[in-house]
Amino acid sequence: MQCVKRVLPDLFWVGADDRRLSCFEGVYGVPNGVSYNSYLMLDGKTVLFDTVDKAVARTFFENVAYVLGNRKLDYLVIHHMEPDHAATIEDLMFRYPEVTVVCNSKIETLLKQFFDYDFAGKVHIVNEGDVLNVGKHSLTFVNAPMVHWPEVMMSYDSTDKILFTADAFGTFGALNGHIFADEVDFMHDWLDEARRYYTNIVGKYGVQVQNILKKAAALEINYVCPLHGFVWRSHFNDFLEKYLQWSSYTPERKGVCLAYASVYGHTENMANILAGKLVDRGVSVEMFDTSVIPASYIVASAFKNSHLVFASTTYNAGIFVTMENLLHDIVAHNIQKRKVALLENGSWAATSGKLMKDLLSKIPNTEFITPTVSIKSAPKAKTMDELDALADAIAADIVPAKKAETAPIEEAVVEKALTVEKEAFFQFTYGLEVLTTRVDGVDYGCIINSAVQVSEGDKKKVAVSVINKNHTCEMLKKSGKFVVSVLTEEAPFSLFKQFGFQSGRDVDKFEGADYNDRMANGIRYLPVYTNAVFSCEVIQTFDLGVSTLFIADVVEAKVLSKAPSATYAYYHAHIKPKNNPAPEQKEGWRCKVCGYFYEGHELPKDYVCPLCNHGPDDFEYVPGTPVKKVKGFICKICGHFEPYDGEELPADYVCPLCNHGRDDFEPAER
Ligand code: FEO
């Protein structure tokens, strides 16, 4: 019987969960299972996006048949040929012989390698940027080489803004009846498995992931559909932020991943002592016994933490076998930009420290904290001193604030008295509101982040501060009354553009609104994306130079919803689009085998591709295109860049970061 989930009215998940798999790809334990995602679009044409692993073939084919009903299958888009998604392609071809396979030429090559089926006349080859119209949807194809195989591509549906991302943005774990990431507490309950999935499956190819993230940044994306794990339809930036960190090998936190290999417990003893000393100094530690914990968990922790400590006994004149395996994995995943400390043990001749260092030295940008702490058989009193010194060195990197605590008090006070760090003001928590007023029958409104309650008791009062250059401020001084609509986290960026990025002098900010809700005082309020509204009458004003502070009595207030209020921090993290760097193409040479890009005018004659080891003959020249610069204005106070094509910003434009007005901006290009 079918087991499908609806993603959109015309898009269905037809994949399946697998909870019986003990080792994904034969090496990664998946105690929570894994999902194999396939999606079926019903448009003018029917389009299946990838197939599934053979283990769940039966459910998959029942799902496809159910969603298709009486319709035939027109297209199979293949993004990735690894058998966890491609194993059932041949079977699908037999069941749906009229289907046309849509893929790139590398995928076509793999089709012929994996299957004996005769695909002649059944394959439609697409290249980067090609578009396939299937009815109301248009699919654009984007190559994503080495994320994480050379043939991988992604598809973008420009109608519903869906990005089909192949393995990227997937996670280990069965879906368990969910389909959307917002149906679970992803960042709390799933992030560890998502990290383990990324770091182990894709982690080696950080440069290639960064390249595809740049391409994705130029797209408006409402849905992300990966081949494993959840569909993203909200809060995707939270996950994207993690990908940006992981793919650039930026540690998520300052902390220690401590892995040890011990035969009879003495090396473990040394590792435990060091862990205790680190924690005493305020350092967070994640600790692993390499003989017990599979390497994939330790690799994930190494991506997460800034400092790595490896402790190994000497075994057969080398590194203990489980540690050696782990270190080969760490090197293979190219985990860069880490500080590394080593502990070794050897009853006769300790060699593991040097051998571990030799192995890890292959990773670029690895910094060793020396000396290696070395013991013979068991830790002794002098080991305690050496571990203290090592713990001090690590803690000095991670908790520098601790040093300040021991600095002379007078020194610290003098520094604080003389410094006004503007970033400190960013730590205040603000809500976001729309302030509206009405003068001579015309409605005005603007975004504020300054409404606060200033009195308790029966007579409620609020204060709002509005920039003087803002047209709404001028109107508010005339009307003496206003309405505050408290915005919720659901408020879209377009609403902030509507009320914040244009002037009431030039436009009617309510034009086209499909609501006309008013409080008893006749002033409009926002009935959507708002959880509470307040009607207020001004009783005092204070001119603060740049802005005016209005103190007002609250004469009417009502709750509209229970949705959480949007804070200023939330706006920046989740609502405001990230800066979209213009896609650019640098001059260089692209490996035709794996897609690796060598930047530069000339390719050295003896150059060998660092990914696939092919020589210069397998590279093709890619001419650079000039980088398109975006015109705009930059805030001289806080550095915020506002893209803007006009001669000057609107008169009442206010910097969303520091609240300074147009006069504090100067023209700039980015
Ligand atoms: Fe999920 Fe690369 O296969």
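Residues numbered from 1 in each chain as written. Predicted model: local features only at pLDDT ≥ 70, side-chain atom pairs only at ≥ 80, totals over all residues. Heavy atoms only, no water.

This next bit is on the overall build of the protein chain. Across its full length, the protein chain holds 18 helices and 35 strands. Oriented by its inertia axes, the alpha-carbon framework of the protein chain measures out at about 85 × 80 × 55 Å. In the protein chain, which comprises 670 residues, the share counted as buried stands at 49%. Counting 67 positive and 87 negative side-chain charges, the protein chain places the averaged centre of each group 1 Å from the other. (Helix = DSSP H or I, 4+ residues; strand = E, 2+ residues; numbered from the N terminus. Buried < 20%, exposed > 50% of the residue type's maximum accessible area, 1.4 Å probe, protein only. Lys, Arg positive; Asp, Glu negative; His and termini not counted. Charge placed at Lys NZ, Arg CZ, Asp CG, Glu CD.)

Turning our attention to the packing of aromatic side chains. One pass over the full model with this rule turns up 36 aromatic pairs. Ring centres 6.1 Å apart and planes at 85 degrees place the aromatic pair Phe186 and Phe230 in the edge-to-face group. On the criterion of sequence distance, the pair formed by Phe186 in helix α5 (residues 186–202) and Phe230 in the loop between β16 (223–225) and α7 (236–247) is long-range, its members being 44 residues apart. For Phe186, a relative accessible area of 4% gives the class buried. Relative to Tyr430, the ring of Phe428 has its centre 6.3 Å away and its plane inclined at 65 degrees; by these criteria the two rings are edge-to-face. By the ring-pair criterion, three or more aromatic residues cluster together here, those being Phe169, Phe186, Trp190, Tyr198, Phe230, Trp232, Phe236, Phe239, Tyr243, Trp246, Tyr249 and Phe303. Its guanidinium or amino end placed over the ring of Tyr297, Arg196 lies 4.1 Å from that ring's centre, counting from NZ or CZ. (Phe/Tyr/Trp six-rings, centres within 6.5 Å; stacked < 30°, edge-to-face > 60°. Lys NZ or Arg CZ within 6 Å of the ring centre and 35° of its normal.)

On to unusual backbone geometry, then. Note the cis peptide between Val147 and His148, where omega equals 10 degrees. Within the secondary structure, His148 is located in the loop between β13 (138–143) and β14 (153–157). The omega torsion of the bond from Thr370 to Pro371 falls at 0 degrees, within 30 degrees of zero and hence cis. The phi dihedral of Asp440 is positive, around 50 degrees, even though this residue is not glycine. Mapped onto the elements, Asp440 comes out in the loop between β23 (433–439) and β24 (442–448).

This part covers the pairing of strand β26 (residues 461–467). In terms of burial, β26 is largely enclosed, as five of its seven residues are buried. Strand direction decides the pairing type here: strand β25 (residues 452–455) and β26, joined by three bridges, are antiparallel. Paired with Val452 across the strands is Ala463, a residue of β26. In this structure, β26 lies alongside strand β29 (residues 547–559), joined through seven bridges in antiparallel fashion. Within β29, the position partnered with Ile467 by the bridge is Ser547. (Pairing = 2+ DSSP bridges.)

Moving on to the confidence of the model for the protein chain. Taken over all residues, the pLDDT of the protein chain has a mean of 90, while the share at 70 or more is 93%. Overall, residues 402–416 carries pLDDT values under 50, and its contacts beyond four positions in sequence, including any with other chains, amount to two contacts. Every residue in residues 579–583 is under pLDDT 50, and counting partners more than four places away or in other chains gives four contacts. (pLDDT = per-residue confidence, 0-100. Contact = heavy atoms within 4.5 Å.)

Moving on to the sheet that holds strand β11 (residues 123–125). Either a parallel or an antiparallel arrangement is found when strands of a sheet pair, and the pairing is made through backbone hydrogen bonds. The strand order across the open sheet formed by seven strands is β1-β2-β7-β8-β9-β10-β11, and the pairing between neighbours is mixed. Either end of the sheet is taken by a strand with one partner, and the two such strands are β1 (5–8) and β11. Taking each pair of neighbouring strands and ignoring which way they run, the sheet shows an average axis angle of 25 degrees. In this sheet, β11 lies alongside strand β10 (residues 100–103) in parallel orientation, the contact comprising three bridges. Note that in β11 the partner of Val101 across the bridge is Val123. (Axes fitted to C-alpha atoms, helices over the stretch in contact; angles between N-to-C directions.)

What follows deals with helix α11 (residues 352–360). For α11, the complete set of buried residues consists of Ser352, Gly353, Met356, Leu359 and Leu360. End-on, the buried residues of α11 take up no more than an arc of 130 degrees, which puts them together on one face. Elements in contact with the buried residues of α11: β19 (305–315), β20 (318–319), α10 (321–332), β21 (339–345) and β22 (367–375). (Arc of directions from axis to C-beta.)

Our focus in this paragraph is the packing of α5 against helix α9 (residues 295–304). Look at α5 against α9: their axes get within 8 Å of each other, and the N-to-C directions meet at 95 degrees. Between α5 and α9, the interaxial angle falls into the category roughly perpendicular. Residues Glu193, Arg195, Arg196, Tyr198, Thr199 and Asn200 of α5 pack against Ser296, Tyr297, Val299, Ala300, Phe303 and Lys304 of α9. Of the residues that constitute the contact of α5 with α9, the class distribution is five nonpolar, three polar and four charged. (Parallel < 35°, antiparallel > 145°, perpendicular 65-115°, else oblique. Nonpolar A, V, L, I, M, F, W, Y, C, P; charged D, E, K, R; others polar.)

This part takes up the side chain of Lys509. Its location among the elements puts Lys509 in the loop between α17 (493–500) and β28 (530–543). With no salt bridge to any partner, buried Lys509 finds its closest opposite charge in Asp652, at an N-O distance of 4.6 Å. In this structure the side chain of Lys509 is engaged in a polar contact, spanning 2.9 Å, whose partner is the backbone oxygen of Gly445. Once residues within four sequence positions are removed from consideration, Lys509 is found in contact with Gly445, Cys446, Gln498, Phe499, Gln502, Ser503 and Gly504. (Salt bridge = Lys/Arg side-chain N within 4 Å of Asp/Glu carboxyl O. Polar contact = N/O pair within 3.5 Å; in protein donor to acceptor, adjacent residues only side chain to side chain.)

Quick look at the environment of Tyr156 now. Locating Tyr156 in the fold gives a position in strand β14. Here the alpha-carbon distance between Tyr156 and Arg524, two residues 368 residues apart in the chain, equals 40 Å. Those residues in contact with Tyr156, other than ones at most four positions away along the chain, are Ser138, Leu139, Thr140, Lys161, Ile162, Leu163, Leu219, Glu220 and Ile221. Within the structure, the side chain of Tyr156 is placed 2.5 Å from the backbone oxygen of Glu220, a separation counted as a polar contact.

Take helix α12 (residues 381–398) next. Owing to its 3.6 residues per turn, the α-helix brings residues three or four apart onto one side. The terminal C-alpha atoms of α12, which comprises 18 residues, lie 26 Å apart, in line with the 26 Å expected from a rise of 1.5 Å per residue. Listing the buried residues of α12 in full gives Thr383, Leu387, Leu390, Ala391, Ile394, Ala395 and Ile398. Buried residues of α12 fall within an arc of 130 degrees about the axis and therefore sit on the same side. Among the exposed residues of α12, those pointing more than 90 degrees away from its buried face are Ala381, Lys382 and Asp385. Summarising the contacts, the buried residues of α12 are in contact with β17 (253–261), α8 (266–280), β19, β21 and β22. (Expected span 1.5 Å × (residues − 1).)

Within the largest apolar cluster, 121 residues are counted, with the highest numbers of intra-cluster contacts made by Leu11, Ile89, Phe310 and Leu360. Element by element, the count of residues in this core is highest for α5, at eight residues. Not counting the four nearest positions on each side in its chain, Ile89 is found in contact with Thr51, Leu76, Ile78, Met81, Leu111, Phe115 and Phe119. Of all hydrophobic cores here, the second largest spans 24 residues; its members include Ala271, Leu278, Leu387 and Ile398. (Core = buried A, V, L, I, M, F, W, Y, C linked by side-chain atoms within 4.5 Å.)

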